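# Topology and contacts: notes
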Amino acid sequence: ILARQGIRGLYKGTMVTLLRDVPASAVYFGGYEWIRRMFIPKGGSISDVGTAATLFAGGMAGVFNWIAVFPIDLVKSRLQTQPDTQPPKYTGTLDCMRKVVKAEGVAGLYRGTYSAPPWLCLSSCA
């Protein structure tokens, strides 16, 4: 990477990763707290929420998180894996989004979404 792209090659996709991770964290933690609070027993407190409900809240928050940010993750992956050719296929985040939508429709931004929730739910429970 250094030989072909220089130091910038090591950081390819960093900005789009931040565009994904910042809102993803907000959706995850906000969703987790919202779902977990739904399980507070009447007259109880958050500490009364059981383990199963907490695991469920974490799993569902992971699914909501992924669905919310999947389009930007798809763009990030395409930018990071595009061949080192001149001119590049995508010149940036917005260019990539436009080209995906033009070629595949809006649904193209969600390609592969269906396969993520099962393992996301499991990995987010803990």
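Here's what I pulled together on the structure shown here. (Residues numbered from 1 in each chain as written. Predicted model: local features only at pLDDT ≥ 70, side-chain atom pairs only at ≥ 80, totals over all residues. Heavy atoms only, no water.)

### Focus: a nonpolar patch on the surface
Taken together, the side chains of Ile1, Leu2, Ile7, Leu10 and Tyr11 present a nonpolar region at the surface, about 570 Å² in accessible area. Its place among the elements puts isoleucine 1 in the segment before α1 (2–5). Among the residues examined, isoleucine 1 registers a relative accessible area of 62% and is labelled exposed. (Patch = residues over 30% accessible without salt bridge, like charges linked within 9 Å, V, L, I, M, F, W, Y side chains within 5 Å. Areas by Shrake-Rupley, 256 points an atom, 1.4 Å probe, with all protein chains shown as cover. Salt bridge = Lys/Arg side-chain N within 4 Å of Asp/Glu carboxyl O. Helix = DSSP H or I, 4+ residues; strand = E, 2+ residues; numbered from the N terminus. Buried < 20%, exposed > 50% of the residue type's maximum accessible area, 1.4 Å probe, protein only.)

### Details of the packing of helix α4 (residues 51–81) against helix α5 (residues 93–104)
Their axes nearest at 10 Å, the elements α4 and α5 cross at an angle of 105 degrees. Taken together, α4 and α5 sit at an angle that is classed as roughly perpendicular. Packed against α4, whose contacting residues are Ile72, Leu74, Val75, Arg78 and Leu79, the element α5 presents Thr93, Cys96, Met97, Val100 and Glu104 at the interface. Split into classes, the residues belonging to the contact of α4 with α5 amount to seven nonpolar, one polar and two charged. (Axes fitted to C-alpha atoms, helices over the stretch in contact; angles between N-to-C directions. Parallel < 35°, antiparallel > 145°, perpendicular 65-115°, else oblique. Contact = heavy atoms within 4.5 Å. Nonpolar A, V, L, I, M, F, W, Y, C, P; charged D, E, K, R; others polar.)

### Some thoughts on helix α3 (residues 14–37)
Under the 1.5 Å per step criterion, the end-to-end length of α3 is 34 Å for 24 residues, consistent within 8% with the ideal 34 Å. Val16, Thr17, Arg20, Ala24, Tyr28, Gly31, Tyr32, Ile35 and Arg36 are the residues of α3 that are buried. (Expected span 1.5 Å × (residues − 1).)

### Here we look at the nonpolar core
Residues Val75, Leu79 and Cys96 are the most contacted members of the largest nonpolar core, which totals 13 residues. Elements with a contribution of two residues or more to this core: α3, α4 and α5. Considering each element in turn, this core owes the most residues, seven residues, to α4. Excluding anything up to four places from it in sequence, cysteine 96 contacts Val75, Arg78, Leu79 and Tyr90. Tyr28, Ile35, Ala57 and Ala61 belong to the second largest nonpolar core, which has five residues in total. (Core = buried A, V, L, I, M, F, W, Y, C linked by side-chain atoms within 4.5 Å.)

### So, the side chain of threonine 54
Looking at the element boundaries, threonine 54 is found in helix α4. A polar contact is formed between the side chain of threonine 54 and the side chain of arginine 36, at a distance of 3.3 Å. At a separation of 2.9 Å, a polar atom in the side chain of threonine 54 contacts the main-chain carbonyl oxygen of glycine 50. (Polar contact = N/O pair within 3.5 Å; in protein donor to acceptor, adjacent residues only side chain to side chain.)

### Digging into the packing of α3 against α4
α4 packs onto α3 with a crossing angle of 165 degrees between their chain directions and a minimal axis gap of 8 Å. On the basis of the axis angle, α3 is roughly antiparallel to α4. α3 and α4 meet at a crossing whose hand is right-handed. Considered class by class, the residues forming the contact of α3 with α4 number 18 nonpolar, seven polar and four charged. (Left-handed = near helix turned anticlockwise from the far one by under 90°.)

### Points about the packing of aromatic side chains
Across all of its chains, the model carries four aromatic pairs by this definition. With a centroid separation of 5.1 Å and an interplanar angle of 85 degrees, the aromatic rings of tyrosine 28 and phenylalanine 29 are classed as edge-to-face. Classification of tyrosine 28 by relative accessible area gives buried; the value is 16%. On the numbers, 6.4 Å between centres and 5 degrees between planes, the contact of tyrosine 28 with tyrosine 32 is stacked. Placement of the pair is tyrosine 28 and tyrosine 32 together in helix α3, with a separation of four residues, close to one helical turn. (Phe/Tyr/Trp six-rings, centres within 6.5 Å; stacked < 30°, edge-to-face > 60°.)

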